[in-house]
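Structure assessment
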Amino acid sequence: MKNVLLLDIVGLTPRALAAMPRLRALGDRGRTVQLETVLPAVTCSVQSTILTGTMPREHGIVGNGWYFRGLGDPMLWRQHNKLVAGEKLWETARRRDSSYRAANLGWWYAMGATTDVTVTPRPIYHADGRKSPDAYVRPASLHDPLVRDLGDFPLFQYWGPTATIASSQWLIDATRGMLSERWGSAAPELVMSYLPHLDYDLQRFGPNSPEADRAARELDTALAPLLDDAEARGYTVVALAEYGIADANRPVDINRALRREGLLEVYVQDGREQLDPWTSRAFAVADHQVAHVYVDDQSDIARVASLLRALPGVDEVLDREAQAAYGLDHERSGELVVVAEPGAWFTYYFWLDDDLAPEYARGVDIHRKPGYDPAELFFDPADRLAKAKAGLNLVKKKLGLRYAMSTVPLDPSWVRGTHGRLPESAADTPLLLCSDAALLDDSVTSVAATDVRDLVLAAHGAPVNAPTRRSSRV
């Protein structure tokens, strides 16, 4: 069986690739095509489609999060692999060859997965409320050698205002260690690695900014040794992006619109408002350019749909029948799925007065916020002391003291890049590169996300149908 290195290079588009000569050379020797992504074009949904070969209606990952109806809470960035229905790529390969081994370094829904090696960020939540960087590593015997050689996973450079290339560099180094058998076990037939670096400055400054070009050059330099290692060890490389990032210029406060109509309710704790999903007649789980709107009473659906269609910045409002056209008609989806216009994106904000915003709103808190918040990538530009406060908090952390990192702006206008809707043009369409030109016929100009699984199996040498162009509307 031939070995495969599967790289998820977030935000890889033609413009980014133009600044990445080492990666571009791989595609020049092999093939470079467009990836036809799915709605919503967000990490968890697209990765799950790639690994199962099915649409969200089958695998159930309708976004980076959704309303867990049985628990009564909207939650994002869960990690358990059992949330993803269907047979995964490595499970199919293992049925054909019981000796097959797979390693997952950073792809989502990794915890509890049936991969042979798993490495994914997982902080330590201390009893006193502190949070420390660490990773979930399986087998457990790999954890200490990995951390000894690479250091702790750089959690605070993985997301937030201090996000840098450090997290991608750590994952690249861990991937190189897998290929070189640095930690004793034989190199797996499939090594999957997630590299998020382009996500940061493309959202902070926009995909056409000098900062975006610089980030692409940085990542290419970091990638070069890994690509050299893969070539030297005979690995076929498949590199892809889940989505492209487009310019953002219009935040849309979808939950505030619902609240003003008396549909969304809050409750108060310690003088701050909290979303009340249990009594709200309608509320949205905002996720970049797509929002799942959960409507408690079926008789309210038409009214809510009409309200949302009239909201500036909204492109489509999808009921269950319309969701089916995108393969998104799953019970976890909202009764309505709302898609933003090009350049627009949805905030999760539900309060009407910033003085009443919940405490987590000004912090990096991806698990408590009932929606995605790209403003977490910024120190509040309106607060001259924001960076100094962050530095003081780091001192408190080193002293073992508790602290609150309240440095995130409540002004969403700083965000310059977004994604989630299907691409409008080739400029914001994600790419797929394959080092083996024989795997893709010259007539193939794009590969559907549902076909990547078969492409990887074909790269292993398995007899499967060759990927063909397929629309992401089904």
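Below or above, wherever it landed, is the structure these notes cover. (Residues numbered from 1 in each chain as written. Predicted model: local features only at pLDDT ≥ 70, side-chain atom pairs only at ≥ 80, totals over all residues. Heavy atoms only, no water.)

What to know about the sheet that holds strand β16 (residues 282-287)
- Ordered in space as β16-β17-β19-β18, the 4 strands form an open sheet in which the pairing is antiparallel. Two strands close off the open sheet at either side, each with one partner strand: β16 and β18 (314-318). Each strand of the sheet is rotated relative to its neighbour by a mean of 20°, with strand direction disregarded.
- The pairing of strand β17 (residues 290-295) with strand β19 (residues 336-340) spans 4 bridges and is classified as antiparallel. (Pairing = 2+ DSSP bridges. Helix = DSSP H or I, 4+ residues; strand = E, 2+ residues; numbered from the N terminus. Axes fitted to C-alpha atoms, helices over the stretch in contact; angles between N-to-C directions.)

Side note on the side chain of Thr236
- Structurally, Thr236 is set in strand β11 (residues 236-240).
- Excluding residues within four positions of it along the chain, Thr236 makes contact with Asn3, Val4, Leu5, Cys434, Ser435, Asp436, Leu439 and Ala459. (Contact = heavy atoms within 4.5 Å.)

Comments concerning the nonpolar core
- Formed by 155 residues in total, the largest nonpolar core has its most connected members in Leu6, Leu7, Ile9, Leu12, Leu223, Val293 and Leu432.
- With 9 residues, the single largest contributor to this core is helix α9 (residues 210-232).
- Among all residues touching Ile9, those that are not within four sequence positions of it are Leu23, Leu195, Leu198, Leu219, Leu223, Ala239, Leu240 and Ala241. (Core = buried A, V, L, I, M, F, W, Y, C linked by side-chain atoms within 4.5 Å. Buried < 20%, exposed > 50% of the residue type's maximum accessible area, 1.4 Å probe, protein only.)

Topic: the sheet that holds β11
- The 9 strands lie next to each other as β9-β6-β5-β10-β1-β11-β22-β2-β23, forming an open sheet whose pairing is mixed. Whereas interior strands pair on both sides, the edge strands pair on one side only; in this sheet they are β9 (135-138) and β23 (446-448). Within the sheet, the average angular offset between the axes of one strand and its neighbour, ignoring direction, is 15°.
- Relative to strand β22 (residues 431-434), β11 runs antiparallel, the two sharing 3 bridges.

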